[in-house]
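Results of the structural survey
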Amino acid sequence: MQERSNTFLETEKISRLMCRYAVPCIISLLVAALYNIVDQIFIANASYLGSYGNAANTVVFPLTVVALALAVMIGDGCCAFVSISLGAGQKERAHRSIGSAVVLCVLCSLALTAVYFAFSRQLLTAFGGQVNRQTYSCAKEYFTYITAGLPFYMFGQAMNPIIRSDGSPKFAMVSTLAGAAVNIVLDPLFIFGFRLGMMGAAVATVLGQMLTAGLAVWYLCHMRTVKLQRQSFALRPKLMAGYLPLGVCSFLSQISLVAAMAAINNMMTRYGARDPVFSQAPYAQIPMAVVGIVMKFFQIVISAAVGMAAGCIPIVGYNIGAGRRDRARALFGRLLAAEAILGALATLVVELFPRQLIAAFGAAGESSYYTAFAVKSFRIYLCMMVLACVNKATFIYLQSLGKALLSTLLSMVREVVFGVGFAVLLPVWWGLDGVLWSMPVSDLLTFVISAAVIAYTLKMLTRKERP
């Protein structure tokens, strides 16, 4: 197959490149997020699962995010590294880093699967699975089959950004869409038709992930700009030291969600036990089930925000490698404006239509306590999504510039220091409401820091020398 050039990234109109790369990336990440969300929607609307199934899905969800975090660290880091390498005309370094990323992803996925099976009870307990017996039973069943499919899930997600860096964002999108379509078709068949419950939802998800992984393997054998060779596939410490730091921001943006959900789930369990309503056994799972739904909607929005920024990584990386700072600066301004618009639209939806959003997750069969807490949770927890989207875009843009340390430090502050810290501290004074206010407070304080970083980045990109 004849190799092609990515020089159009340096010459084509910025707005056209953003649409060409960002839209498929947004769709790919949205579809990846929808795997778990679609499961939860069908589970919630199955009368024999209900809020227990919802709570179980919430318990297992953070464990799938750990797998995703490792995958995107490898994939996004390699994507940025390959794009900068191609921009500088270093194809040898590009194909060797891709081969190294493939091997690393396979090894990490197998290791994580083994750890999950070995410590299943401890992991489910850590994320609130012991809130009651029915929830733990559902969580254990769902977890077992999802864990078996982790290698396919991680491989497909890691290869997606690498495929984009090769100049094929549409193929990356189609491969993810194909897997999601399988999941959407099989979920109702397994859950309602065969009444396989949590196992049915998990198996439908894994089969879709296997298709996405298979398409990624096919693409690696037919790459456009680089040609993978047998010697490409080896762990190369020097190259890993080059691309893994560039993926740390993506890793932290995902893994911090796990830390936050662990804190939130446990705070919901602890302070729910002190609530006059949720301390009663029939309602004990409601806070966890509701917050899980709210975080799923947040994940949809933030996936679009991250997809918009991550889709621009090949464009920024190539232009920085080619010395075109002016184009990188122009793209940054447009990216921030688009992220702010996305966040504003999402905020309007959650503030005006919370009941309609809840209804999609089977609220019709739940108590009035469930609905009231869900409405309040949507309106409080997601009120600062404009700032959340802008913050994410800033972190990822720095990553695409090769500013791995600064990107990582900002992510650590937002996701770990603020995200986990406020989730633990605010409930001490405000109870369950304190858990809900943890994210908006974190995003507000992070934006104060991000504003200074944005100004610094724009100033840096006006200089003539390379960053």
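Each remark here, short or long, concerns the structure printed above.
Being a predicted model, the structure only gives us computed values, none of them experimental. Sequence order sets the numbering: in each chain, residues are counted from 1 along the sequence as written. Note on the predicted model: pLDDT of at least 70 is required for a residue's local features to be given, and 80 or more for side-chain atom pairs to be given and counted; whole-chain, interface and lining totals, by contrast, use all residues. Working from all heavy atoms in the structure, the side-chain values ignore hydrogens and water.

Another aspect to go through is the overall build of the protein. Each helix and strand in the protein was counted, giving 18 helices and zero strands. For the radius of gyration, the atoms used are the C-alpha atoms, and the globule rule reads 2.2 Å times the number of residues raised to 0.38. Compactness check: the protein gives a C-alpha radius of gyration of 22 Å against a globular reference of 23 Å for 467 residues, within 12% of the reference. Dimensions of the protein along its principal axes, counting C-alpha atoms only, are 65 × 45 × 35 Å. Contacts are assigned to residue pairs with any non-hydrogen atoms lying within 4.5 Å of each other. Summarising the internal contacts of the protein: among those between residues at least 6 apart in sequence, 84% fall at separations of at least 24. For every accessible area listed, the method is Shrake-Rupley and the probe measures 1.4 Å; residues are considered covered only by the protein chains on display. Accessible area of the protein: about 17400 Å², with a carbon and sulfur share of 68%. The numbering of helices and of strands both runs from the N terminus, where a helix is a DSSP run of H or I of at least 4 residues and a strand a run of E of at least 2.

In summary, the pairing rule links any two rings of Phe, Tyr or Trp, Trp by its six-membered ring, whose centres are within 6.5 Å, and it sorts them by plane angle into stacked for under 30 degrees, edge-to-face for over 60 and tilted for everything else. In total, this model carries 10 aromatic pairs according to the counting rule given. Relative to F192, the ring of F42 has its centre 6.2 Å away and its plane inclined at 70°; by these criteria the two rings are edge-to-face. One end of the pair, F42, is in helix α2 (residues 14–44); the other, F192, is in helix α8 (residues 169–193), with 150 residues separating them in the sequence. Aromatic ring contacts, followed pair by pair, group F171, W218 and Y219 into a single cluster. Any Lys NZ or Arg CZ that is within 6 Å of a ring centre and within 35 degrees of that ring's normal is treated as a charge sitting over the ring. Positioned above the aromatic ring of Y48, the side-chain terminus of R195 is 4.2 Å from the ring centre.

Lines are fitted to the C-alpha atoms to define the axes, a helix being fitted only along its stretch in contact, and any angle between axes, read from their N-to-C directions, falls within 0 to 180 degrees. For the pair helix α3 (residues 50–87) and helix α4 (residues 91–118), the least separation of the axes is 9 Å and the interaxial angle reads 175°. By the angle between their axes, α3 is roughly antiparallel relative to α4. Each of L63, V66, A67, L70, I74, C78, F81, V82, S85 and L86 in α3 lies in contact with α4, whose residues at this interface are K91, R93, A94, S97, I98, A101, L104, C105, C108, L112 and Y116. Under the scheme applied here, ten amino acids are nonpolar (Ala, Val, Leu, Ile, Met, Phe, Trp, Tyr, Cys and Pro), four are charged (Asp, Glu, Lys and Arg), and all others, including Gly, are polar. Split by residue class, the contact of α3 with α4 holds 17 nonpolar, two polar and two charged. When an angle is under 35 degrees it counts as roughly parallel; over 145 it counts as roughly antiparallel; between 65 and 115 it counts as roughly perpendicular; any other value is oblique.

Another aspect to go through is a nonpolar patch on the surface. Patch rule: a residue counts if its relative accessible area is over 30% and it has no salt bridge; like charges are joined within 9 Å, and nonpolar side chains (Val, Leu, Ile, Met, Phe, Trp, Tyr) within 5 Å. Salt bridge, as applied in this entry: a Lys or Arg side-chain nitrogen positioned within 4 Å of an Asp or Glu carboxyl oxygen. There is a patch of nonpolar side chains on the surface, built from I341, L345, L348, V349, L352 and F353 and spanning about 580 Å² of accessible area. With respect to the helices and strands, L352 occurs in helix α13 (residues 325–352).

Our focus in this paragraph is helix α16 (residues 385–400). Here α16 is 16 residues long and its end C-alpha atoms lie 23 Å apart, about the 22 Å a rise of 1.5 Å per residue gives. Think of it in three bands: residues with accessible area under 20% of the maximum for their type are buried, residues over 50% are exposed, and the middle band is partly exposed, with areas taken using a 1.4 Å probe on protein chains only. When you tally the buried positions in α16, you get 15 out of 16 residues, the bulk of the element. Directly after α16, the chain includes G402, whose backbone phi takes a positive value near 90°. Each residue after the first adds 1.5 Å to the expected span of a helix.

Mapped onto the secondary structure, G402 falls in the loop between α16 and α17 (404–430). For the pair G402 and R224, spaced 178 residues apart in sequence, the C-alpha to C-alpha distance is 24 Å.

Inspection of the secondary structure puts N160 in helix α7 (residues 150–165). The buried category is assigned to N160, whose relative accessible area is 6%. The spacing of N160 and Q399 is 239 residues in sequence and 17 Å in space, taken between C-alpha atoms. Aside from chain neighbours lying at most four places away, what touches N160 is S28, A172, S175 and T176.

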